[in-house]
Amino acid sequence: MKKYFALAIICFVSLITLFLPIFCIDELIVTGNNFVTEKQISDLINFNTGENIFLFNKFVAQKKLRTNYFINTAKINYLLPNKISVKIVERVPICYVKYLNDSYILIDNEARIIEISKVCDKNFPIVLGLNFDSFTLGQILNIDDKFLIDSALQLSKFVLENDFMQNNLVIDFSDRNNICLYVKDIDIHFGDMNDAPQKIALIKSILESGSDYLNKPGILYLNHKNLAPVFKFIT
């Protein structure tokens with residue numbers, strides 16, 4: 001009898017605790033997010049202020065967060081008495097890959113597809129010349145020629161690291177021996193991937209030089225081995 005009485009007391013206290021205002025969630029604290037907004041996170045986990053913190057299932061919420069492919073990992077903690085903490089580790093977008101005529105696939109540094117869109121609304125290089133038959137959101141982009149996808153990731157990384165990213169910068173891998181970059185009105189004949197970091201640093205210094213000829217359409221040749229860069233105007 002005493003056992004059942006003690007159990008009833010525990011249940012009664014637990015029930016009272018569930019309805020104490022102090023345990024009603026009043027804040028969602030999100031950290032680590034750059035591309036995923038706090039509102040998107042809130043919507044994904046069905047966050048509602050006023051819900052009792054003990055009724056919020058963090059494991060279900062973490063599973064829902066993983067349906068957003070920008071999110072690599074997510075950890076949710078209870079901050080008693082009334083706050084929820086969400087710590088996000090996002091994937092690292094690195095470039096867009098052009099698909100057909102009107103679609104762009106945003107991939108991360110592992111070639112995993114994290115977004116498909118009709119416009120390039122984020123400032124990353126646009127890669128052309130990669131051949132593939134199909135793709136799945138959230139999966140690795142399977143390119144026929146692995147050398148090309150590895151080169152695209154590497155060259156995009158060099159561009160971003162050197163911080164000379166221009167709006168809608170395009171990298172064309174149609175010819176692996178003469179990769180082309182299109183920046184503003186300048187076509188850059190990059191050559192192959194040999195000495196790629198040095199070539200990118202050279203392009204950056206040229207673009208930052210402020211030379212008048214950079215304001216006119218032209219072709220910059222970096223594909224002549226052992227020769228200085230050559231610029232020719234397009235007339």
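Another aspect to go through is helix H5 (residues 196-207). Three or four residues apart is the spacing at which side chains of an α-helix point the same way, because the helix has 3.6 residues per turn. Taking 1.5 Å per residue as the helical rise, H5 with its twelve residues ought to reach 16 Å, and the 16 Å between its terminal C-alpha atoms agrees with that figure. Packing partners of the buried residues in H5 comprise helix H4 (146-161), strand S9 (179-183), strand S10 (186-191) and strand S11 (218-221).

Turning to the packing of aromatic side chains, a few remarks are in order. Using the criterion set out here, one finds eight aromatic pairs in the structure. Between Phe35 and Phe124, the aromatic rings sit 6.2 Å apart at their centres with planes inclined by 40°, giving tilted as the arrangement. Linking Phe35 in the loop between strand S1 (27-31) and helix H2 (38-44) with Phe124 in the loop between strand S6 (113-117) and strand S7 (126-128), this pair joins segments that are 89 residues apart in sequence. Take Phe124: its relative accessible area is 11%, and that puts it in the buried class. On the numbers, 5.3 Å between centres and 85° between planes, the contact of Phe231 with Phe233 is edge-to-face. For Phe233, a relative accessible area of 46% puts it in the partly exposed group. Here the aromatic residues Phe35, Phe70 and Phe124 are joined through ring pairs into a cluster of three or more. The ring centre of Phe190 lies 4.9 Å from the NZ or CZ of Lys199, which sits over that ring.

For the rest of this paragraph, the subject is the nonpolar core. Residues Ile107, Leu130, Leu155, Phe173, Leu181 and Phe190 are the most contacted members of the largest nonpolar core, which totals 35 residues. Broken down by element, the residue count for this core peaks at seven residues, all from H4. Leave out the neighbours within four places in its chain, and Phe173 touches Val127, Leu128, Gly129, Leu130, Leu148, Ser151, Ala152, Leu155 and Ile179. Leu28, Ile53, Ile88 and Ile114 belong to the second-largest nonpolar core, a separate cluster that totals 26 residues.

Analysis parameters
Residues numbered from 1 in each chain as written. Predicted model: local features only at pLDDT ≥ 70, side-chain atom pairs only at ≥ 80, totals over all residues. Heavy atoms only, no water. Helix = DSSP H or I, 4+ residues; strand = E, 2+ residues; numbered from the N terminus. Expected span 1.5 Å × (residues − 1). Contact = heavy atoms within 4.5 Å. Phe/Tyr/Trp six-rings, centres within 6.5 Å; stacked < 30°, edge-to-face > 60°. Buried < 20%, exposed > 50% of the residue type's maximum accessible area, 1.4 Å probe, protein only. Lys NZ or Arg CZ within 6 Å of the ring centre and 35° of its normal. Core = buried A, V, L, I, M, F, W, Y, C linked by side-chain atoms within 4.5 Å.

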